[in-house]
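# Per-entry structural report
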Amino acid sequence: MSIHVPEKGWLRAPTGGERLWIGLALAWCVILSLAMPYWHFKGKQNSTGESYRVTATAFMERVNRFVAAYKVGEEKGVAVVEPPPGSDVYLQASMWRWYPILKLKEGQSYRIHVSSMDLQHGFSLLPMNMNFQVLPGYDHVLTVTPTSKGEFTIVCNEFCGIGHHAMTGKILVD
Ligand SMILES: [Cu+2]
């Protein structure tokens, strides 16, 4: 039988090795808890948490207006858009594509608005260590300053259905 009232005085303070390991685990918990706020300010790859409510239709309209204003070309039928430095940039996630392809300048800042047209997606930029949730109904603003030239692939890191693995996009920096 496992249901017994424990004897009186059953609880003993940990000693020796047990005490050491509990202490180490506790110290590690404290370090990791402090690392979260520390890295938010120190690591330069964090969202400031700026987001707004938006409907899919309203966001799609902004994306279309943005593409019409700054389109410079096309790649496999996807618009390539080069917005002026410092401007608001729109990136639309939907099953299963990122739209449009963005062309940015190194060392310039942009406000990238990301939102989803259908369900939850994940914005992950390779080969950078970046990961953000993309939710329908929210316009999430990421202030981005590219620090190196090249071609960066956007992948979806939130499983979003049968075409999830093919959901890639692109950011070109020159
Ligand atoms: Cu997705």
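These numbers come from a predicted model, not from an experiment.

## Remarks on the coordination of the copper ion
- Only His-121 (ND1), Cys-156 (SG), Cys-160 (SG) and Met-167 (SD) from the protein coordinate the copper ion, and they sit 2.0 to 2.6 Å from it.
- Bound by 4 donor atoms, the copper ion shows angles of 94 to 124 degrees at the metal and therefore tetrahedral coordination geometry.
- Between the donor residues of the copper ion, the gaps in sequence give the motif H-x34-C-x3-C-x6-M. With His-121 in strand 8 (residues 121-126) and Cys-156 in strand 11 (residues 150-156), this pair connects stretches of sequence that are 35 residues apart.

## Quick notes on the sheet that holds strand 8
- Judged by pairing direction, the sheet is mixed, and its 7 strands sit side by side in the order 2-3-6-12-11-8-9 without closing on themselves. The open sheet is flanked by strand 2 (71-75) and strand 9 (130-134), the only strands paired with a single partner. Looking at each pair of strands side by side, their axes are set apart by 25 degrees on average, direction ignored.

## Section: the pairing of strand 4 (residues 88-94)
- Within strand 4, 6 of the 7 residues are buried, which leaves the element mostly enclosed by the surrounding structure.
- When strand 4 meets strand 7 (residues 110-116), the two strands line up parallel, connected through 6 bridges. Its bridge partner lying in strand 7, Tyr-90 is registered against His-113.
- Note that strand 4 and strand 5 (residues 97-99) share 3 bridges and pair antiparallel. When the bridges of strand 5 are listed, Ala-93 appears paired with Trp-98.
- Here strand 4 folds back onto strand 5, and the loop between the two strands holds 2 residues.

Procedures and definitions
Here, residues in each chain are numbered from 1, in the same order as that chain's written sequence. Only residues with pLDDT of at least 70 get local features here, since the model is predicted, and only at 80 or more are side-chain atom pairs given and counted; chain-wide, interface and lining totals rely on the full set of residues. With hydrogens and water stripped out, all remaining heavy atoms of the structure feed into the side-chain values. Coordinating donors are taken to be N, O and S atoms lying within 2.8 Å of the metal, or within 3.2 Å when the metal is Na, K or Ca; because water is excluded from the atom set, some sites may appear incomplete. A four-donor site is classed as tetrahedral when every donor-metal-donor angle falls between 85 and 135 degrees; four donors are called square planar, and six octahedral, when trans pairs exceed 155 degrees and all remaining angles lie between 65 and 115, with any other arrangement labelled irregular. Here a strand is any run of E in DSSP of at least two residues, a helix any run of H or I of at least four, and the numbering for each starts at the N terminus. The pairing criterion is simple: DSSP has to find at least two bridges between the two strands. A fitted line through C-alpha atoms serves as each axis, taken over the contacting stretch for helices, and the angle formed by two N-to-C directions is quoted from 0 to 180°. Only protein chains enter the accessibility calculation, which uses a 1.4 Å probe. A residue is then buried if its area is under 20% of the maximum for its type, exposed if over 50%, and partly exposed in between.

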